[in-house]
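Chain and residue survey
Each chain, written out:
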Amino acid sequence: MLKVVEINNLTVQYPDVKALDDVSFVINQGDFLGIIGPNGAGKSTLFDSMLGLYTKYKGTIKFFGEDIKKSKNYLKEIGYVPQKPIFEKNFPVTVNDVVRMGLRNESDENRIDEILQQLWIHELRNRRIGELSGGQQQRVFIAKALVNNPKILILDEPVTGIDQQSIELFYSILRELNSKQKITIVWSSHDLDAVNQLANHVACLNRTLFFHGESKKFFSDDKLVKQYSEASMQEHMHRH
Amino acid sequence: MSLEILTYSFMHRALISGIAIAILCSVIGLFLVLRRYSLFGDAIAHSSFGGIALGLLVGVYPLWTAYGVSIVSALIITKIKDRYNISGDASIAVLLSSGIAIGLVIIGFSGGFTIDIFSFLFGSILLVSVDDTILILSLTGAILIVILLLYRQILYSTFNEEQAKVSGIPVEKINYLIVFMAGITVVTSIQLVGVLLISALFVIPNVTAIMYGKGFKQTAIISMSFSVFSVVVGILISYVFDITPAGTIVLLSIGLLAGTMIIKSAGLLSKN
């Protein structure tokens, strides 16, 4: 099986806190990996490091066998959906404009139409992004992330602040992308139930890596889930 | 209004230069406004005051020294802002006050050259020479070409820096490029409205256009149209009634903004 991502001994030391401590795991092609952990567990730091936004880490991160500190080419294969995209509400861009920003081959106009239709937002294409609901905006950002046909989709707690109906639609889109289009998905979430339903692999992060493996193995082991919940709670209480 | 004024060659130069500057300020200004850098044009203009004073002191054409001082100051302040994590508004205040301070000290050394300084402070579009017009057209053309070539990268890094970085866009380089082009634009535009009113050309047509436009290109075109309208009508009115062009242009822009606000308040402006 092709290793898409290899993380070895990843340690991130901020001035006041160690955000990640000796984290190592592998993501294979076709994995739907749910990364779970409480607030402050290091999920966003892990993503920032993987995406090249934070570079002062120890250890190595490889995409397709290549160290990301040596080349930025891997970014072409990644679609990224941030937690809650920050932009000015009155920023004068339409849905079409936003998706086009992500398009590397600017002449490939048909691809924009195709992806908007796939995510059921084609009728919104001429609306300003700031006028849309949180759920609609999130679908637009998925469309932008997918417009270049990436091999990996990275999503950082993508359903924060979105209504339940939109969340269900969002999850069905993710499931389809992974099962039909074979896109490797790396997705961080607080929602253990959702991860249990969607992901085929899980990584439990609490600054250190508590568990990494098949999700059914983790979620079928009540003792393991309980241990993780208790450890997370203790760490959370300790921090606050 | 007599059409005779359109036959004067100085008026041709003024209108051609004015239209070029209107388009340039509106395009660069849109990116600055959306980056919450609305007063950056003002700050660069004030730093150019130091450059103008330096040019007058050493006997070099003041706009050349203004280009140098403004661009270098803008790039340095951007570097300091990034390195020491100073907020955007504070860095603008530093740039703005340091330019004026340098200008005042140089004027003090020289014993004063108030008449020359006056035309730079308030603009003198009816006095632009053929050489000035060629320079304005060349710089406008060059900057618009750069923006068209890097349109996606500039727009994306203005919209969301983090996502632009993840898409492989060299955001820091783009930011410096915007600052560099803003510096050139400001100094080029000084002849139209002067140091003191320059930010009006950057900000007001764009704030107005954002209320109308849905997409980015549409907003940019509306902004350019408002800007060109204010400049052309402002130059003609100011000549006919013998009033200052700079003030007239800016007041027309404000009139368009006020009219748009009234239309919007009356519910006659819908983006859907």
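Located above this text is the structure these notes cover.
I will try to describe carefully the structure that is included in this document. Here the structure is a predicted model, which is why all the values come from computation and not from measurement. (Residues numbered from 1 in each chain as written. Chains lettered and ligands numbered in written order. Predicted model: local features only at pLDDT ≥ 70, side-chain atom pairs only at ≥ 80, totals over all residues.)

**Considerations on the sheet that holds strand β9 (residues 201-206) of chain A**
What holds strands together in a sheet is hydrogen bonding between their backbones, with the strands either parallel or antiparallel. All names here are of chain A. The strand order β6-β7-β8-β3-β9-β10 describes an open sheet built from six strands, whose pairing is mixed. Only two strands of the sheet have a single neighbouring strand rather than two, namely β6 (78-81) and β10 (208-214). The mean inter-strand angle of the sheet, taken between neighbouring strand axes irrespective of direction, is 15°. Across four bridges, β6 lies against strand β7 (residues 152-156) in parallel orientation. The residue bridging Y80 from the neighbouring strand is I154, located in β7. Its contacts with the sheet place helix α4 (residues 134-146) against β6 and β7, and it is angled at close to 165° to β6. (Pairing = 2+ DSSP bridges. Helix = DSSP H or I, 4+ residues; strand = E, 2+ residues; numbered from the N terminus. Axes fitted to C-alpha atoms, helices over the stretch in contact; angles between N-to-C directions. Contact = placed C-beta atoms within 7 Å.)

**Thoughts on the sheet that holds strand β2 (residues 18-28) of chain A**
Reading across the sheet, the four strands line up as β2-β1-β4-β5 (chain A) and stay open at both edges, with antiparallel pairing between neighbours. Each having just a single partner strand, β2 and β5 (66-67) of chain A make up the two edges of the open sheet.

**Some details on helix α6 (residues 130-149) of chain B**
All names here are of chain B. Counted at 1.5 Å a residue, the expected span for α6 with its 20 residues is 28 Å, and the 29 Å between its end C-alpha atoms agrees. Turning to α6, its buried residues are I136, L139, T140 and I143. Buried residues of α6, seen end-on, are gathered within an arc of 100° and therefore sit on one face of the element. For α6, the exposed residues lying more than 90 degrees away from the buried face are V130, D131, S138, G141, A142, I145, L148 and L149. (Expected span 1.5 Å × (residues − 1). Buried ≥ 20, exposed ≤ 12 C-beta atoms within 10 Å, placed from the backbone. Arc of directions from axis to C-beta.)

**So, the packing of helix α3 (residues 62-84) of chain B against helix α9 (residues 171-212) of chain B**
Residues and elements named next belong to chain B. Contact geometry of α3 with α9 gives a least axis separation of 9 Å together with a crossing angle of 150°. In terms of axis orientation, α3 runs roughly antiparallel to α9. As for how α3 packs across α9, the hand of that crossing is right-handed. Side by side, α3 and α9 meet where L63, A66, Y67, S70, I71, A74, L75 and T78 of the first sit next to N175, Y176, V179, F180, A182, G183, I184, V186, V187 and I190 of the second. In the contact of α3 with α9, the residues fall into 14 nonpolar, four polar and no charged. (Parallel < 35°, antiparallel > 145°, perpendicular 65-115°, else oblique. Left-handed = near helix turned anticlockwise from the far one by under 90°. Nonpolar A, V, L, I, M, F, W, Y, C, P; charged D, E, K, R; others polar.)

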